[in-house]
Structure formats: structure tokens, C-alpha cells
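Examining the three-dimensional arrangement
These are the residues of each chain, in order.
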2 protein chains.
Amino acid sequence: MKVAIAGLGLMGGSLALALVQSGHDVLGWNHRSAPYEQARKNGITCVKTVEELALARPDILILCTPLKAMDTVLGKIKLVLDEHTTLTDVGSVKREVLSSVEKHGLRPLFVGAHPMAGNELAGFEAADAHLYDSATWAITVEEDTDKERVITVGRMITEGVGNRFIVTTAQEHDRAAAQISHMPHVVATTLAAQLVVNPASNIALALAAGSWRDMTRVALTTPERTQAMVEENPDNVADLLRDQAARMTAVADLLAAGDADGLAAFFATAEPYRTVRARLQQGIPEGVYSILLDESWRERLLSASRRGGRVEYIDSVEAHARDFAHLREA
Amino acid sequence: MKVAIAGLGLMGGSLALALVQSGHDVLGWNHRSAPYEQARKNGITCVKTVEELALARPDILILCTPLKAMDTVLGKIKLVLDEHTTLTDVGSVKREVLSSVEKHGLRPLFVGAHPMAGNELAGFEAADAHLYDSATWAITVEEDTDKERVITVGRMITEGVGNRFIVTTAQEHDRAAAQISHMPHVVATTLAAQLVVNPASNIALALAAGSWRDMTRVALTTPERTQAMVEENPDNVADLLRDQAARMTAVADLLAAGDADGLAAFFATAEPYRTVRARLQQGIPEGVYSILLDESWRERLLSASRRGGRVEYIDSVEAHARDFAHLREA
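On a predicted model such as this, the values are computed, not experimentally measured, just so you know.

Moving on, we come to the domain arrangement of chain A. Residue and element names in this part refer to chain A. Under the domain assignment used here, chain A contains domain 1 (2–168), domain 2 (174–260) and domain 3 (281–323). For domain 1 versus domain 2, the distance between C-alpha centres works out to 32 Å. Here domain 1 meets domain 2 over a buried area of about 870 Å², counting both sides, of which 35% is carbon and sulfur. Summed over the shared surface of domain 1 and domain 2, the result is 2 salt bridges. Linking R95 and D174 is a salt bridge whose minimum nitrogen-to-oxygen distance equals 2.9 Å. Connecting domain 1 to domain 2 are 6 residue pairs in polar contact (both at pLDDT 80 or more). If you list the elements that add at least two residues to the side of domain 1 that touches domain 2, you get α4 (67–77) and α5 (94–103). Looking at the side of domain 1 that touches domain 2, the element that brings in the most residues is α5, giving 3 residues. Looking at the side of domain 1 that touches domain 2, its residues break down into 3 nonpolar, 2 polar and 5 charged.

Here is the structure:
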């Protein structure tokens with residue numbers, strides 16, 4: 001597979017290194033040429049302009065720049081991108097990328113993707129062929145998404161990087177990402193901010209154990225990075241924060257009323273989560289099953305993912321998935 | 001030092017094992033005798049009733065039962081406790097224990113204590129001499145607390161278990177504990193509960209990475225245990241939950257208004273916390289200093305703790321403390 005990577009930072013650089021290691025032909029471009037010497041030593045063919053990446057007619061072109069730079073890159077490559085090439089990205093918010101892709105008339109070539117990988121570092125110097133090890137990706141498909149292009153992206157993920165993926169829509173993805181990542185980053189920050197204003201904050205800090213450190217770890221992320229993350233998904237994050245605030249106020253009311261039964265009911269609501277976490281800790285369940293990629297391929301893949309299925313291999317006929325522990329039947 | 005431990009569960013059992021290992025004479029009592037065989041093998045002298053513990057005239061008697069059982073135990077030992085014995089406890093909430101101690105007329109013998117140690121397990125079978133390794137304790141002192149008894153408890157912590165301690169009041173402790181432990185347990189549960197009701201919860205679960213797992217880990221604690229914890233400190237937990245709710249609503253409003261400057265100001269409020277965490281990661285600062293235990297011993301110890309000091313050794317003349325990174329000057 002000939003893979004072109006636009007943006008050789010932590011995510012793009014690590015992906016390029018992993019794909020080179022699994023024997024793929026990898027082209028790279030970066031807005032600054034600083035990483036080129038190191039990238040070339042690692043077997044990545046570097047080109048001077050992003051147009052050159054597109055003109056190389058890769059099987060797949062992966063946008064790995066910051067989200068804010070993707071629109072500019074799309075504006076440049078749209079003039080030269082061949083329809084042989086499948087366009088994808090690794091952005092952490094999918095609706096924004098999709099609307100930018102649509103604006104530039106590239107929607108027919110596009111399949112969204114988001115790998116659940118990363119760390120607090122940045123730049124090609126932090127890139128690591130193992131950054132994606134054991135990662136699960138989300139592939140986002142809309143009603144007009146092309147099946148063959150989904151298969152191309154799916155093979156890059158499974159055969160190229162050795163990862164698994166789920167299939168979802170941009171909208172469903174962004175809501176889910178807000179819930180398990182973007183909104184919790186704000187919550188970690190409100191916890192830390194509340195400690196800072198406590199007159200006895202040094203006492204509290206001395207008493208803080210692992211639970212507090214774990215819950216506030218992501219408050220240590222660069223503030224600009226967290227702000228950019230929530231600003232890219234503002235409506236979902238705001239909705240979920242208001243819902244969290246309502247839940248916390250309800251618990252405060254139960255405590256004020258001394259309502260033991262109400263508190264027991266509150267703590268019971270998280271029971272299915274405890275069960276699924278315990279199951280996930282027991283390891284990956286057995287049993288691979290096949291999902292037929294006929295004319296209902298999109299519904300079949302979406303529905304399998306909503307049930308807890310993750311695809312481990314895909315070809316032009318079927319996807320091979322494994323069910324992980326799940327919170328609800330779907 | 002002759003130490004009596006009432007309650008040989010995870011906390012009391014581990015404390016007993018650690019004190020035996022450092023050469024102390026340890027007596028133990030438990031409401032059920034199930035752990036006695038194992039405890040005796042480990043050098044703990046087990047007695048049949050809690051009155052026998054008190055009658056043994058230990059230097060220190062440590063309440064290690066669940067908080068709810070302490071009142072009953074105090075009611076029994078008050079009839080036989082000699083004033084030679086210093087009474088303390090390891091309860092996670094201090095005002096409730098203090099008022100129970102007061103009710104039974106034992107306040108002159110009492111010094112509160114709370115070790116920052118523990119795990120998700122329970123019972124003597126989970127006890128471990130290393131559970132307290134590197135733990136910081138809080139010793140709580142009120143205006144009428146006896147200095148010599150504080151020294152006795154301080155020596156049990158530093159020489160007996162090899163730990164450090166801070167000195168605070170029951171009220172200040174309970175507020176701080178609510179902030180860094182009890183309230184965050186509720187927040188972890190509201191996060192988990194919100195995920196459970198999401199129709200696409202399996203999608204969200206598939207996307208969840210380390211940050212989500214870390215932030216919801218304490219939601220996996222036995223619900224009854226978390227409920228008991230917050231019910232023992234209801235006013236502080238409710239106050240802090242309402243404050244969290246207000247902070248989250250304010251961020252939701254900023255997102256809805258697209259107020260980038262306001263969001264930047266919000267993320268900046270946690271900056272002192274990022275700084276102190278970075279300093280704490282760099283290790284323990286140098287420099288031990290002495291705190292004179294004259295007639296102002298209480299104010300001196302409280303004030304050192306509020307500045308970030310932790311006591312590493314204490315004798316009848318002075319305490320030797322080390323300053324840890326702190327959030328604010330006090």
C-alpha cells in the first residue's frame with residue numbers, strides 16, 4: 001500500500017514509522033522541513049509540498065496536521081487529488097473535518113478516522129513506531145460513504161498498523177469523544193481550580209492520594225491544547241457539562257436531605273459500568289465472527305460496533321470482528 | 001511501645017503487621033475472631049473482648065473499626081480505659097469520631113488520626129505490612145488536646161510505621177478530605193452514570209483511553225462503601241458538589257458564547273496546581289527544620305502544616321519537619 005502522510009508530528013510521525021515497519025511505501029510532508037532528515041533515515045520519503053503528496057497518487061492520504069490546519073491543506077490538495085486516492089485523517093473531532101472536506105468538494109474520496117492513541121508530547125522527535133500499539137480506531141461513515149474506501153482505511157489500520165477499529169458516524173463519534181475525553185478534561189480542571197482557591201489547600205494536597213492524582217492528571221495537559229480540544233466540540237461538551245452539573249446538584253440535594261435511599265439509588269446507577277469494567281479486566285472474550293459487506297454493509301458495521309464489536313480484519317467480502325464487554329445490548 | 005488495635009480489618013490488620021515488624025508489642029481485637037489464627041501466626045496477641053484491650057493498659061489504643069462501629073466500642077472501653085492510655089483512631093472523617101469520643105467522656109485521652117493509605121480490598125486476609133509505606137497521616141488537634149498524647153501518636157506514626165504526618169483540626173481535615181477524596185468519588189460516579197445512560201455507550205467505551213479509566217477508577221469502589229463515606233461528611237461534600245456544578249455550568253456558558261478569552265481564563269485558574277504537581281514530581285525538597293514544642297506547640301504545628309510542612313520525627317522537645325511543594329503561602 002502506498003500511504004501519504006500530511007503532517008509529521010507525534011501522531012503522523014508515529015503512524016508513518018509504524019507503516020514503514022510493516023513494509024509499506026510511506027511518503028511524508030510537514031509544514032516545516034525540520035523532521036525530514038530524521039524521517040528519511042527512518043525510511044520515509046519526504047516531499048516539499050503537500051501538492052506533491054497528492055500528485056504521487058497514493059492509495060491513501062492521511063491528514064495528520066492539527067485540526068485547525070486541515071482546511072488549508074484540503075484547499076491545496078483538492079486541485080490535484082486523483083480519485084484513486086482515499087482521503088482520511090486522524091483528527092479527534094470528526095464533524096468539523098467532514099464539513100471542511102465537503103466545502104472543498106472532496107467528500108466522495110473521504111472516510112474519517114480517529115485512533116485512540118497519543119501522549120502528552122508533540123513533534124516528530126517524540127514519534128514512536130509503538131505509539132499505536134493496541135490502539136482502537138474509530139472509522140466514521142456517513143450515508144454516502146464509499147464501501148471500498150472504508151475497506152482501504154480499515155486495511156491500513158488492521159494490516160498496516162495491527163490495530164482494531166469500530167465503525168460509527170461523525171456525529172455519534174463526537175458525542176462519545178466529548179463524553180469520555182473532552183468533557184472529563186474540563187472536570188479535571190474544575191477539580192484542580194477548586195483546590196487552588198481553598199485557603200487550606202496545602203492540607204488538602206498533603207492528604208491527596210492516588211484517587212485525586214488520577215482524577216486530576218489530565219488537568220496537567222497544556223491549557224492551550226485542552227482549550228482547543230473543547231472549542232472544536234463545544235456543543236457536546238457544554239451539554240455534557242450541564243448534565244454533570246445537574247447530577248452533582250441532585251446528589252448535593254440528597255445529602256442535604258439525608259436521603260439514604262436516594263443516595264443508594266444514585267450509586268446503583270453506575271453498577272452496569274462496574275460490571276463491564278470487571279469483564280474488560282478479565283480480558284478479551286473469545287470468538288471472532290464475520291460481518292457480510294453486502295449492500296447493508298454500513299448498517300451491519302454500525303450495528304456491530306454499537307453492540308461492542310471491534311473489527312480485527314477486513315477484506316472486500318467481509319469484516320472479522322470480536323465482541324468486547326459492552327454496557328448495553330444494541 | 002505497647003499498642004492495642006481495635007478492629008483487625010484491612011487498615012487495622014496492616015497497621016498491626018507493620019508495628020509488629022518494627023518491634024512493638026501489639027495486641028489486637030476484632031468483632032469476629034476469624035482473623036485470630038492468622039494474626040497470632042504474625043505475632044499479634046489477640047484478646048477476646050475489646051474491654052481486655054483497654055485493661056491491658058496499652059500506651060496507645062487505636063480504633064480501626066468502621067466509623068459506624070466506633071461509638072459502640074467507645075461505649076464499652078470508657079468503663080475500663082486507664083488515663084495512661086492515649087486513644088486514637090484511623091477514621092477517614094474526624095468530626096464524627098470526636099463528637100462520639102466527647103459523648104463518652106474520653107476527650108482528654110483522645111488525639112484523632114487519619115492515614116492516607118488503603119486500597120479497594122477489605123479484611124485481615126488483605127492486610128499487608130507494606131500498605132502504609134510512604135503514607136502521610138493527618139493528626140487532628142483541638143484547643144484542649146494534650147501535647148504529650150500528640151507526641152505519643154506522632155511517634156507511633158514516625159518511629160512505629162516509618163511514615164510522615166501533618167497536624168490539622170478535625171474541621172479543617174474533614175473539609176480537605178471531602179475535597180480530595182469524598183467529593184471526587186461522587187464525581188467519578190456521575191461520570192460513570194452518565195455513560196451508562198448514553199444510547200451509544202458501547203461506542204464511547206470503545207473510544208475510552210487512559211484519561212477516562214483514571215477518572216472513573218474510584219467509581220468502581222463498592223457503592224455501599226462510597227455511600228458510607230459521603231454520608232459521614234455530608235455538608236462538606238454537598239457544598240463542594242454545588243461549587244463544582246457552578247464551575248461546570250460557567251464553562252458550559254463560555255462554550256455556548258464562544259468566549260475564547262473566558263475559556264483561557266478558566267484553564268489558567270488551574271495553573272498553580274500544574275506548577276505544584278511538577279514540583280512534587282521533581283522529588284522531596286531538601287532541608288529539615290525544627291518546630292519547638294513550647295506552649296505554642298499547637299499553633300506552630302498547625303501553621304507549619306498549612307505552609308506545606310510534614311513532620312518526620314517528633315520527641316518531647318521538638319518536631320522535625322520537611323517542607324513539601326505547596327500551593328499557597330500560609
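Moving on, we get to unusual backbone geometry. Residue and element names in this part refer to chain A. Residue R57 is not a glycine yet carries a positive backbone phi of 55°. Checked against the element boundaries, R57 lands in the loop between α3 (50–55) and β4 (60–63). For S134, which is not a glycine, the phi torsion comes out positive at approximately 65°. Structurally, S134 is set in the loop between β6 (112–115) and β7 (136–140).

On to the packing of helix α7 (residues 170–197) of chain B against helix α11 (residues 234–257) of chain B, then. Residues and elements named next belong to chain B. Following both chains from N to C, one finds α7 and α11 inclined at 60°, their axes separated by 9 Å at the closest point. As for how α7 packs across α11, the hand of that crossing is right-handed. Along its contact with α7, which presents D174, R175, A178, Q179, H182, M183, V186 and V187, the element α11 presents N236, V237, D239, L240, L241 and Q244. Looking at the contact of α7 with α11 residue by residue, the classes come out as 7 nonpolar, 4 polar and 3 charged.

Moving on, we come to the side chain of N30 of chain A. Residue and element names in this part refer to chain A. Of note, N30 is situated in the loop between β2 (25–29) and α2 (36–41). The exposure class assigned to N30 is buried, which follows from its relative accessible area of 11%. Leaving out residues up to four positions away in the same chain, N30 has contacts with G7, L8, G9, P35 and Y36.

The feature "signal peptide" (unreviewed entry), as annotated in UniProt, sits at residues 1–18 of chain A in this numbering. Split by type, residues 1–18 of chain A is 50% helix and 28% strand. Its first and last C-alpha atoms lie 13 Å apart.

With that settled, consider the pairing of β4 of chain A. Residue and element names in this part refer to chain A. Of the two faces of β4, the one holding I60 and I62 and the one holding L61 and L63 are both buried throughout. In the sheet, strand β1 (residues 2–6) pairs with β4 via 4 bridges, with the strands oriented parallel. Counterpart to V3 in the pairing with β4 is I60. Bridge analysis of β4 against strand β5 (residues 86–89) gives 4 bridges, and the strand direction is parallel. Among the inter-strand pairings, I60 is bridged to a residue of β5, identified as T86. Crossover β4 to β5 through α4 is right-handed.

Our next topic: the packing of aromatic side chains. Residues and elements named next belong to chain A. For the coordinates displayed, the defined rule picks out 6 aromatic pairs over all chains. Judged by centre distance (5.7 Å) and plane angle (25°), the ring pair of Y132 and W137 falls under stacked. By relative accessible area, Y132 is classed as buried at 0%. Across from the ring centre of F324, 4.0 Å away, lies the NZ or CZ of R310, which sits over that ring.

Rules used throughout
- Residues numbered from 1 in each chain as written.
- Chains lettered and ligands numbered in written order.
- Predicted model: local features only at pLDDT ≥ 70, side-chain atom pairs only at ≥ 80, totals over all residues.
- Heavy atoms only, no water.
- Domains from an automatic or database assignment.
- Buried area = accessible area lost by both parts, 1.4 Å probe.
- Salt bridge = Lys/Arg side-chain N within 4 Å of Asp/Glu carboxyl O.
- Polar contact = N/O pair within 3.5 Å; in protein donor to acceptor, adjacent residues only side chain to side chain.
- Helix = DSSP H or I, 4+ residues; strand = E, 2+ residues; numbered from the N terminus.
- Nonpolar A, V, L, I, M, F, W, Y, C, P; charged D, E, K, R; others polar.
- Axes fitted to C-alpha atoms, helices over the stretch in contact; angles between N-to-C directions.
- Left-handed = near helix turned anticlockwise from the far one by under 90°.
- Contact = heavy atoms within 4.5 Å.
- Buried < 20%, exposed > 50% of the residue type's maximum accessible area, 1.4 Å probe, protein only.
- UniProt positions renumbered as here; feature names shortened; annotations may be inferred.
- Pairing = 2+ DSSP bridges.
- Right-handed = clockwise from strand over helix to strand, strands pointing away.
- Phe/Tyr/Trp six-rings, centres within 6.5 Å; stacked < 30°, edge-to-face > 60°.
- Lys NZ or Arg CZ within 6 Å of the ring centre and 35° of its normal.

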